[in-house]
Amino acid sequence: MNIVLIYPNMGDYRTKDAMTPLAIGILAALSPGHRVTFYDDRLDIIPDELPEADLIAISVETFTAQRSYQLSDRFRHQGKTVVMGGCHVTFMPDEALQHADSVLLGDAEGAWEQMLADCERNALKPRYRGAHDRLLAGCRIDRTIFEGKRYAPVSLVQFSRGCRFACDFCSIHAFYPEGARTRPVDEMRDEILSLPAKRFLIFVDDNLFAGKRVLNELLAMLTPLKRRWGCQISIDIARNEEMLDKLAAAGCCFVLIGFESLNETTLRRMGKSRSHTAKDYAAVLAALYRSGICVYGTFIFGYDEDTPETIRSTLAFAESNKLAIANFNLLIPTPGTALYARLEAEGRLVYPAWWLNPDFRYGEPVFRPGGMSIAELADGCFYARTRFYRYTSIIRRLCRAGRWRTLLVAWLYNIASHRDIARKQGIRPGEKG
């Protein structure tokens, strides 16, 4: 079969900071014997017609659902068979089936191969489900489909799927309620050795700390490779100086940490573990900097304890502690999360299916917050983003970035953020940018 894989953007516009979507590479690797063509909507202009396609597969996230459905409806109107998968489809299969011939729920392995076989026999079922108890041994990624596209100059890899924690705003636990699974370390080594030696590596794991034993095995493997890399970790690792030394020795020079809030009550409301406390954030950052590790911090605004002053003080914290990168995110309830269920039950959702609502715009709250108005929340979050990514702020903060390769990655991300903040603000999902 001729299979066309599509990774949609939020709208019909192109970006300059896209990274390789590993899920698409996994689908390509699971499709031996078929001709696979890939369009990344963030970089490529998707043709109005795909006459050669026997099957079109679209990977859907909540923010890209509207655009995904537009594309699917267009190609199905032309008589094409369209299937969908991804996190949003897993949580909203009935919705997706209004726009697709079949949906794949959960991980692709096992289910994707069966879907292809059924499609060849003209016996496609409405739903397929990938098991989350499958071992990750043998997981492969076909990166040849990324060739010729202008992705950010970094290499993405994945060691684990799932997370040890169950934050109420996060869909990862809902998608992987069984916890975290890891790949064999020797397979990770082979994959990393196959990637360009000078490329900065980014682990896309939701939390690289899937367990102390497996993390130690991974770090022991990475250390002699002398690669530079970044990852997302939980704050409990950042408090462990012995583990920080191991991370640094293994080549880690960048970590993403979800600080989320400076308020202890808000952290408890999120469902953060008791070890996640705002009292020692500055000490944690100092320990990371001593180890030569830069920090990408994320923060969320919109919980009931948050006020306009919360946003201003968080921005001041991020700038005074010279975070290399930071995200100041609106609290957005997505389907499948405990947060969405709670706000829906409380009747606080302004747009229950906000991802489809024609009135919703990016950067706009979709529920009524408790400590400020909707406008104050939207304006405050936009203010924090624009102030943090001013050129003067970028220069002051990145003087701490250290090694030139780390500095380059941070600089590229900061410049891309400076450009994109105003452009994305106010865009309707699915519209032409």
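Keep in mind it's a predicted model, so treat the numbers as computed, not measured. (Residues numbered from 1 in each chain as written. Predicted model: local features only at pLDDT ≥ 70, side-chain atom pairs only at ≥ 80, totals over all residues. Heavy atoms only, no water.)

Remarks on the sheet that holds strand E4 (residues 82-85)
- Reading across from one edge, E2-E1-E3-E4-E5-E6 is the order of the 6 strands in this open sheet, with parallel pairing throughout. Because the sheet does not close on itself, it has two edges, and the strands there are strand E2 (35-40) and strand E6 (127-129). The average angle at which neighbouring strand axes cross in this sheet is 20°, direction not considered.
- In this structure, strand E3 (residues 55-59) lies alongside E4, joined through 4 bridges in parallel fashion. Across the sheet, Ile-56 pairs through a bridge with Val-82, a residue of E4. (Pairing = 2+ DSSP bridges. Helix = DSSP H or I, 4+ residues; strand = E, 2+ residues; numbered from the N terminus. Axes fitted to C-alpha atoms, helices over the stretch in contact; angles between N-to-C directions.)

Focus on the pattern of salt bridges
- Counting across every chain of the model gives 31 salt bridges.
- With a shortest N-O distance of 3.8 Å, Lys-246 and Glu-242 are connected by a salt bridge. With Lys-246 and Glu-242 both in helix H10 (residues 241-249) and 4 residues apart, the pair spans about one turn of that helix.
- Residue class for Glu-242 comes out exposed when judged on its relative accessible area of 52%.
- Bridged by salt links that share partners, the residues Asp-12, Arg-14, Asp-41, Arg-67 and Lys-432 form one connected network. (Salt bridge = Lys/Arg side-chain N within 4 Å of Asp/Glu carboxyl O. Buried < 20%, exposed > 50% of the residue type's maximum accessible area, 1.4 Å probe, protein only.)

So, helix H2 (residues 65-77)
- In a regular helix each residue adds 1.5 Å, so 13 residues correspond to 18 Å; H2 covers 18 Å between its end C-alpha atoms and thus fits that length.
- For H2, the set of buried residues is Ala-65, Gln-66, Arg-67, Ser-68, Tyr-69, Leu-71, Ser-72 and Phe-75.
- Where H2 is buried, its residues meet strand E1 (2-7), E3, E4, helix H3 (87-91) and helix H4 (93-96).
- Downstream of H2 by a residue or two, Gly-79 has a phi angle that is positive, lying close to 90°. (Expected span 1.5 Å × (residues − 1). Contact = heavy atoms within 4.5 Å.)

Let's talk about the packing of aromatic side chains
- Overall, the coordinates contain 21 aromatic pairs when judged by the stated rule.
- Where Tyr-351 meets Phe-360, the ring centres are 6.2 Å apart and the plane angle is 70°; that geometry is what we call edge-to-face.
- On the numbers, 5.6 Å between centres and 85° between planes, the contact of Trp-354 with Trp-355 is edge-to-face. The pair Trp-354 / Trp-355 is uniform in exposure class, with both members buried.
- Three or more aromatic residues link up through ring pairs in this structure, and these residues are Phe-259, Tyr-281, Phe-299, Phe-301, Phe-317, Phe-328, Phe-388 and Tyr-389.
- The residue whose ring lies beneath Arg-164 is Phe-209, and the NZ or CZ to ring-centre distance is 4.2 Å.
- It is Arg-397 that lies over the ring of Tyr-389; its NZ or CZ is 5.6 Å from the centre. (Phe/Tyr/Trp six-rings, centres within 6.5 Å; stacked < 30°, edge-to-face > 60°. Lys NZ or Arg CZ within 6 Å of the ring centre and 35° of its normal.)

Observations regarding helix H7 (residues 185-193)
- Of all the residues in H7, the buried ones are Val-185, Met-188, Glu-191 and Ile-192. End-on view of H7: buried residues confined to an arc of 115°, all on one side of the axis. Exposed residues lying more than 90 degrees from the buried face of H7 are Asp-186 and Asp-190.
- Elements that come into contact with the buried residues of H7 comprise strand E7 (154-157), strand E10 (200-203) and helix H8 (212-222). (Arc of directions from axis to C-beta.)

Here we look at the nonpolar core
- Trp-112, Phe-203, Leu-222, Trp-229 and Phe-328 are the most contacted members of the largest nonpolar core, which totals 140 residues.
- A total of 7 residues in this core trace back to one element, the largest contributor, which is strand E12 (residues 252-260).
- Apart from residues no more than four positions distant in its own chain, Trp-112 is found in contact with Ile-3, Leu-5, Leu-27, Leu-30, Ser-31, Leu-55, Ala-57, Val-83 and Leu-104. (Core = buried A, V, L, I, M, F, W, Y, C linked by side-chain atoms within 4.5 Å.)

Looking at the UniProt feature "domain: B12-binding" (unreviewed entry) in the protein
- Within this numbering scheme, the UniProt entry marks residues 1-126 as carrying the feature "domain: B12-binding" (unreviewed entry).
- Between the C-alpha atoms that bound residues 1-126 the distance is 19 Å, and the span itself is 32% helix and 20% strand. (UniProt positions renumbered as here; feature names shortened; annotations may be inferred.)

Some points on unusual backbone geometry
- One non-glycine residue, Asn-122, adopts positive backbone phi at about 55°.
- Tracing the sequence through the fold places Asn-122 in the loop between helix H5 (111-120) and E6.
- Take Asn-122: its relative accessible area is 76%, and that puts it in the exposed class.
- Even without being glycine, Lys-322 reaches a positive phi, approximately 50°.
- Among the secondary structure elements, Lys-322 is positioned in the loop between helix H13 (308-320) and strand E14 (325-330).
- You can call Lys-322 partly exposed: its relative accessible area is 28%.

Some words on the sheet that holds E7
- Taken together, 6 strands build an open sheet; the order of strands is E7-E10-E11-E12-E13-E14 and the sheet is parallel. On the outer flanks of this sheet lie E7 and E14, each paired with one strand and no other. The mean inter-strand angle of the sheet, taken between neighbouring strand axes irrespective of direction, is 20°.
- With 6 bridges joining them, strand E13 (residues 294-301) and E14 adopt parallel strand pairing. Bridging from a neighbouring strand, Phe-301 pairs with Leu-330 of E14.
- Packed onto the sheet, H13 meets E13 and E14 and runs at close to 180° relative to E13.
- Its contacts with the sheet put helix H15 (residues 374-388) on E13 and E14, and the angle it makes with E14 is roughly 170°.

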